Amino acid sequence: MKREKNLETMLVITVGMLVLYFVFREKTWANNLLIASLVIGLIGVFSDFLSEKVAWVWGKIAHYLGTFNSYVLLSIIFFVFLTPVAFLFKLTRKDSLKLKAQKNGTVYEERNHLYVAKDVENVW
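Rules and cut-offs
Residues numbered from 1 in each chain as written. Predicted model: local features only at pLDDT ≥ 70, side-chain atom pairs only at ≥ 80, totals over all residues. Heavy atoms only, no water. Helix = DSSP H or I, 4+ residues; strand = E, 2+ residues; numbered from the N terminus. Salt bridge = Lys/Arg side-chain N within 4 Å of Asp/Glu carboxyl O. Phe/Tyr/Trp six-rings, centres within 6.5 Å; stacked < 30°, edge-to-face > 60°. Buried < 20%, exposed > 50% of the residue type's maximum accessible area, 1.4 Å probe, protein only.

Visitor: Looking at this structure, how should I read the environment of Gly16?
Guide: Tracing the backbone through its elements, the reader meets Gly16 in helix 1 (residues 2–23). As for Gly16 and Leu73, which are separated by 57 residues in sequence, their C-alpha atoms are 22 Å apart.

Quick look at the structure:
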């Protein structure tokens, strides 16, 4: 199973570099992506030892990218997009949760409702 995962990782890296090559083929450095893709593909096919090392390095890079995404990028998204939306929402909406102080000192609302049998049918 480990060999299959290493080959899968090598294939993903190879295809990713090929996609980047086709996206940036007009650039002068794009040929390096094609060469790197070929080298990674050949390593994956012919060397179990090197493919295991490349997969390990790829896993470490993915771990650090995941950490970066979860802490930095999501914090930026929260403070740049969600906080202003929350402030605008707070300015434009009434106090629907009744979080502000009430005149009588309680947040309970008296509701004079006479319950009938139909109120408890299909409560979901």
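Visitor: For this particular structure, what's the right way to read the pattern of salt bridges?
Guide: Side-chain pairs of opposite charge can arise whenever the charged atoms involved come near each other. Taken as a whole and assessed by the stated rule, the structure comprises 2 salt bridges. Close ionic contact of Arg3 with Asp48 constitutes a salt bridge, the shortest N to O distance being 2.4 Å. Linking Arg3 in helix 1 with Asp48 in helix 3 (residues 48–92), this pair joins segments that are 45 residues apart in sequence. The salt bridge involving Lys5 is made with Glu8; its shortest N-O contact spans 3.9 Å. Highlighted residues: Lys5 and Glu8, both in helix 1, separated by 3 residues, approximately one helical turn.

Visitor: Is there a simple way to explain the packing of aromatic side chains in this structure?
Guide: To describe a pair of aromatic rings, one takes the distance between the centres and the angle between the planes. Per the stated rule, a full pass over the model turns up 3 aromatic pairs. Residues Tyr21 and Phe22 carry aromatic rings whose centres are separated by 5.2 Å and whose planes lie at 65 degrees to one another, so their mutual orientation is edge-to-face. Using a relative accessible area of 15% as the deciding quantity, one classes Tyr21 as buried. Overall, the relative accessible area of 48% leaves Phe22 in the partly exposed class. On the basis of an interplanar angle of 85 degrees and a centroid distance of 5.1 Å, the ring pair of Phe78 and Phe79 is categorised as edge-to-face. Judged by its relative accessible area of 58%, Phe79 falls in the exposed class.

The quantities given are spatial measurements derived from coordinates; they are silent on function.
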